[in-house]
Amino acid sequence: MARVRFFNEPDIFRPFEELRQLRREMDRLFESVMGRRAWPVTGRVFPLVNITEDKDAYYIRAELPGVRPEDIEVSIEADSITIGGERKPDDLGKEVSYHRKEREFGRFRRVITLKGGFNADTAEASFKNGILTIKLLKAEEAKPRQIQVKKE
Amino acid sequence: MSEIRAKEKQEVQRAAESTRNVPVYLPDVDIYETSDALVLVADIPGVSPENVDIDLRDDTLTIRALVDTYGQDERPIMTEYEVGDYYRQFTLGRLIDQSKIEASIKDGVLTLVLPKVEKAKPRKIAVKVA
């Protein structure tokens with residue numbers, strides 16, 4: 001349950017906030033030049049995904065608000081991961097008039113290829129607060145290895 | 001059934017939060033009206049129910065939602081979307097019964113039911129034949 005509050009301090013002008021935003025814009029530009037960020041997004045397929053890794057696993061995440069977990073399908077074939085499903089609109093009945101309609105509904109399907117080696121048998125998918133997380137444990141050869149330097 | 005298009009999040013130009021080092025985005029919303037309430041539905045993926053703040057003051061409705069950041073200790077390989085908070089304000093043109101507002105969150109979607117006060121409900125006016 002969300003908290004409902006009726007009184008709030010007014011928003012005031014915040015000069016540091018503007019500086020912070022400028023800095024972030026520059027970070028973004030830098031990241032796009034460095035190839036970290038796939039940008040711009042136009043022409044990409046829904047859902048947008050973020051892929052990260054730590055020493056044991058890869059994580060693929062996507063924002064899927066309002067999609068029921070049972071309407072999401074995740075499948076893995078060789079090094080391709082498919083995220084598919086449908087975002088179904090709520091049934092509101094007839095006596096409703098819209099003031100604003102920005103949320104989109106429909107089917108989606110996206111294939112992501114992840115090179116580097118993961119163990120498909122151990123894949124786990126979870127869904128929390130509208131975020132899908134797929135965890136793929138790395139194959140032994142994809143894990144970083146510490147090499148001991150021998151003293152001669 | 002149509003396909004959903006991918007779109008980039010819209011950043012709030014005059015941000016509302018200054019203490020958290022995350023961007024602030026405008027959530028996508030639907031607003032519809034039934035005969036006795038105004039209903040607002042907003043997509044706020046990544047936000048836990050306890051981190052949503054709804055203020056209604058005079059006729060201005062403010063939604064603030066603080067995201068649970070995740071994967072901070074992981075190394076990014078590909079980043080297509082950014083994780084941030086949500087903020088949006090609306091001016092309500094109708095008289096709302098503030099004591100009966102209901103908010104609920106499910107799967108990253110906030111639903112706010114704003115009941116109209118009695119006198120704002122539509123009344124049928126009979127046209128008399130002269």
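Every chain's residues receive numbers from 1 upward, in the order its sequence appears when written. Whichever chain is written first becomes A and whichever ligand is written first becomes 1, with later ones labelled in order. Whole-chain, interface and lining totals are the exception, using all residues; otherwise, since this is a predicted model, local features are given only for residues with pLDDT of at least 70 and side-chain atom pairs are given and counted only at 80 or more. Think of the side-chain values as coming from all heavy atoms in the structure, minus any hydrogens and water.

1. Regarding the overall build of chain B
Only DSSP runs of H or I reaching four residues or more are called helices, and only runs of E reaching two or more are called strands; each is numbered from the N terminus. Check the secondary structure of chain B and you find zero helices and ten strands. Listed N to C, the secondary structure of chain B is β-β-β-β-β-β-β-β-β-β in terms of helices and strands. Here the C-alpha atoms of chain B give a radius of gyration of 19 Å, more than 25% beyond the 14 Å that 2.2 N^0.38 yields for 130 residues. The C-alpha extent of chain B, read off along each of the three principal axes, is 75 × 40 × 25 Å. Relative accessibility thresholds used throughout: buried, under 20% of the residue-type maximum; exposed, over 50%; partly exposed, between the two (1.4 Å probe, protein chains only). Put simply, chain B has 130 residues, and 52% of those count as buried. Methods summary: accessible areas were calculated by the Shrake-Rupley approach with a probe of 1.4 Å, and residue burial reflects only the protein chains presented. Accessible area of chain B: about 6800 Å², with a carbon and sulfur share of 49%. Only four residue types enter the charge count, namely Lys and Arg as positive and Asp and Glu as negative; His and the chain termini do not. Where a charge sits is defined by one atom per residue type, namely NZ (Lys), CZ (Arg), CG (Asp) or CD (Glu). Each charge class in chain B can be summarised by its mean position, and for the 18 positive and 24 negative side chains these summaries are 11 Å apart. Only C-alpha atoms enter the radius of gyration; for comparison, a globular chain is expected to reach 2.2 Å times N to the power 0.38, where N is the number of residues.

2. Section: the sheet that holds strand β9 (residues 131–137) of chain A
Where strands meet in a sheet, backbone hydrogen bonds hold them as pairs that are either parallel or antiparallel. One open sheet holds the five strands; their spatial order is β8(A)-β9(A)-β3(A)-β2(A)-β7(B), and the pairing between them is antiparallel. Strand pairing shows two members of the sheet lacking a second neighbour, β8 (124–128) of chain A together with β7 (75–79) of chain B, which therefore form its edges. The mean inter-strand angle of the sheet, taken between neighbouring strand axes irrespective of direction, is 20°. In this sheet, β9(A) lies alongside strand β3 (residues 57–63) of chain A in antiparallel orientation, the contact comprising seven bridges. Paired with A:Glu63 across the two strands is A:Ile131, which belongs to β9(A). Two strands pair under a simple rule: DSSP has to find at least two bridges between them. In this analysis, axes come from line fits to C-alpha atoms, helices being fitted only over the stretch in contact, and the angle between any two N-to-C directions falls in the range 0 to 180 degrees.

3. Some remarks on the interface of chain A and chain B
Only heavy atoms enter the contact rule, under which two residues are in contact if any of them lie within 4.5 Å. If you look at the interface, chain A gives 68 residues, while chain B gives 71 residues. Buried area is calculated as the accessible area (1.4 Å probe) missing from two parts once they are joined, with the contributions of both summed. Between chain A and chain B lies a buried interface of about 6700 Å² when both sides are counted; carbon and sulfur atoms form 45% of it. Should a side-chain nitrogen of Lys or Arg be within 4 Å of a carboxyl oxygen of Asp or Glu, the pair is scored as a salt bridge. There are ten salt bridges connecting chain A and chain B. One salt bridge in this structure joins B:Asp43 and A:Arg103, with 2.8 Å as the shortest N-O distance. In protein, a polar contact requires one atom able to donate a hydrogen and another able to accept it; more generally it is a pair of N or O atoms within 3.5 Å, and residues adjacent in sequence count only if both atoms are side-chain atoms. Scanning the region where chain A abuts chain B turns up 26 residue pairs in polar contact (both at pLDDT 80 or more). Secondary structure elements with two or more residues in the side of chain A that touches chain B: β1 (3–5), α1 (15–33), β2 (49–53), β3, β5 (80–87), β6 (97–101) and β7 (106–113) of chain A.

4. Focus on the pattern of salt bridges
With the rule as written, the count across this model stands at 22 salt bridges over all chains. A salt bridge links A:Glu104 to B:Lys7, with the nearest nitrogen and oxygen atoms 3.9 Å apart. Within this pair, whereas A:Glu104 is found in the loop between β6 and β7, its partner B:Lys7 is found in the segment before β1 (10–11), the two belonging to separate chains. When its relative accessible area of 18% is taken as the criterion, A:Glu104 is described as buried.

5. A word on unusual backbone geometry
Most peptide bonds take the trans form, and the phi angle of most residues other than glycine is negative. All names here are of chain A. In this structure, Pro-47 follows Phe-46 across a cis peptide bond, with omega equal to -5°. Along the chain, Pro-47 turns up in the loop between α1 and β2. One non-glycine residue, Ala-78, adopts positive backbone phi at about 50°. On the secondary structure map, Ala-78 appears in the loop between β4 (72–77) and β5.

6. Topic: the environment of A:Ser97
Counting through the fold element by element, A:Ser97 comes out in strand β6. Apart from residues lying up to four places away in sequence, A:Ser97 is in contact with B:Ile31, B:Tyr32 and B:Glu33.

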